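Structural overview
As a plain string of letters, each chain reads:
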Amino acid sequence: MGSLIGRLGEEWHVLDLRELTGAERRSFLAVGPGGVFAVTVKDHGRSRVSFAGDIVQIDGKRPKYVEETRAEAKGAAEALSRSAGVSIPVMPILAFAGTGKISFYGVPKGCLVTAYHELPRVLNARGNRLATDTVDKVFELALHPTTWSAQSYATFADSYRWYKDGQPGVGADKRG
């Protein structure tokens with residue numbers, strides 16, 4: 001990821017999602033002038049990767065990479081939106097690290113697919129959609145640990161009680 005950050009430019013911020021969300025797969029959040037992207041990296045080695053829409057085929061197997069990538073982006077969008085109080089769209093990107101060819105017989109809808117070494121070009125090609133202040137604010141929000149907590153405040157409040165059920169309480173807890 002270090003070399004990726006250097007090639008993207010100073011206006012881009014990259015955050016490892018494995019550390020924050022505990023995801024097992026290699027994924028990170030890229031926030032920059034082009035938008036907010038959840039990038040899932042898959043290593044395919046020398047194997048050829050074929051796409052037919054949402055279907056990925058590698059060595060005769062059909063892993064659910066597109067669905068995983070979309071789920072990662074959806075989770076990031078929900079977490080950021082919940083914390084910000086406004087909708088923050090996150091674009092899913094599936095990046096393949098390896099030397100095998102990637103062929104397309106139809107591209108997946110709503111998910112960008114690229115080779116890992118081409119990722120800076122793909123991200124910078126999105127143009128300038130976000131102002132520098134907005135990029136910084138979204139990145140600060142992404143850095144905050146409570147952003148990635150799956151439980152909302154209401155869930156925490158419901159689980160907290162002064163008295164166990166059935167025990168008498170004081171004030172508003174009294175049953176009359």
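A brief look at the structure comes next. Keep in mind it's a predicted model, so treat the numbers as computed, not measured.

Right, let's get into the overall build of the chain. A tally of regular secondary structure across the chain gives six helices and eight strands. Order of helices (α) and strands (β) in the chain, N terminus to C terminus: α-β-α-β-β-β-β-α-β-β-β-α-α-α. Here the chain holds 176 residues, and 39% of them are scored as buried. Taking contacts inside the chain between residues at least 6 apart in sequence as the whole, the part at least 24 apart equals 60%. Summing over all exposed atoms, the chain offers an accessible surface of approximately 10800 Å²; the carbon and sulfur share of this is 52%.

Turning to the packing of aromatic side chains, a few remarks are in order. Per the counting criterion, the structure on display carries four aromatic pairs. A ring pair is formed by F51 and F104, whose centres lie 5.1 Å apart and whose planes are at 20 degrees; its orientation type is stacked. In this pair, F51 is assigned in strand β4 (residues 49-52) and F104 in strand β7 (residues 102-104), connecting sequence segments 53 residues apart. Take F51: its relative accessible area is 1%, and that puts it in the buried class.

Looking now at the nonpolar core. Judged by nonpolar contacts, the single largest core of 18 residues is most densely connected at L29, V31, V36, L80, V90, A142 and W148. The set of elements that each furnish at least two residues to this core consists of β2 (27-32), β3 (35-45), α3 (65-84) and α5 (132-143). Considering each element in turn, this core owes the most residues, five residues, to α3. Listed in part, the 15 residues of the second largest apolar core include L8, W12, I93 and A97.

On to α5. Counted at 1.5 Å a residue, the expected span for α5 with its twelve residues is 16 Å, and the 17 Å between its end C-alpha atoms agrees. Within α5 the residues assigned to the buried category are V135, V138, F139 and A142. Relative to the axis of α5, the buried residues are bounded by an arc of 100 degrees and lie together on one face. Seen from the open side of α5, the exposed residues pointing more than 90 degrees away from its buried face are D133, K137 and E140.

So, on to the packing of α3 against α5. Close contact between α3 and α5 brings their axes to 10 Å; oriented N to C, the two are set at 105 degrees. Taken together, the axis directions place α3 and α5 in an arrangement best described as roughly perpendicular. Taken together, the residues of α5 that come into contact with α3 (itself represented by L80, S83 and A84) are V138, L141 and A142.

Burial analysis of strand β6 (residues 91-98) places six of its eight residues in the buried class, the great majority of the element. The pairing of β3 with β6 spans eight bridges and is classified as parallel. Of the residues in β6, the one forming a bridge with G45 is G98.

Parameters at a glance
Residues numbered from 1 in each chain as written. Predicted model: local features only at pLDDT ≥ 70, side-chain atom pairs only at ≥ 80, totals over all residues. Heavy atoms only, no water. Helix = DSSP H or I, 4+ residues; strand = E, 2+ residues; numbered from the N terminus. Buried < 20%, exposed > 50% of the residue type's maximum accessible area, 1.4 Å probe, protein only. Contact = heavy atoms within 4.5 Å. Areas by Shrake-Rupley, 256 points an atom, 1.4 Å probe, with all protein chains shown as cover. Phe/Tyr/Trp six-rings, centres within 6.5 Å; stacked < 30°, edge-to-face > 60°. Core = buried A, V, L, I, M, F, W, Y, C linked by side-chain atoms within 4.5 Å. Expected span 1.5 Å × (residues − 1). Arc of directions from axis to C-beta. Axes fitted to C-alpha atoms, helices over the stretch in contact; angles between N-to-C directions. Parallel < 35°, antiparallel > 145°, perpendicular 65-115°, else oblique. Pairing = 2+ DSSP bridges.

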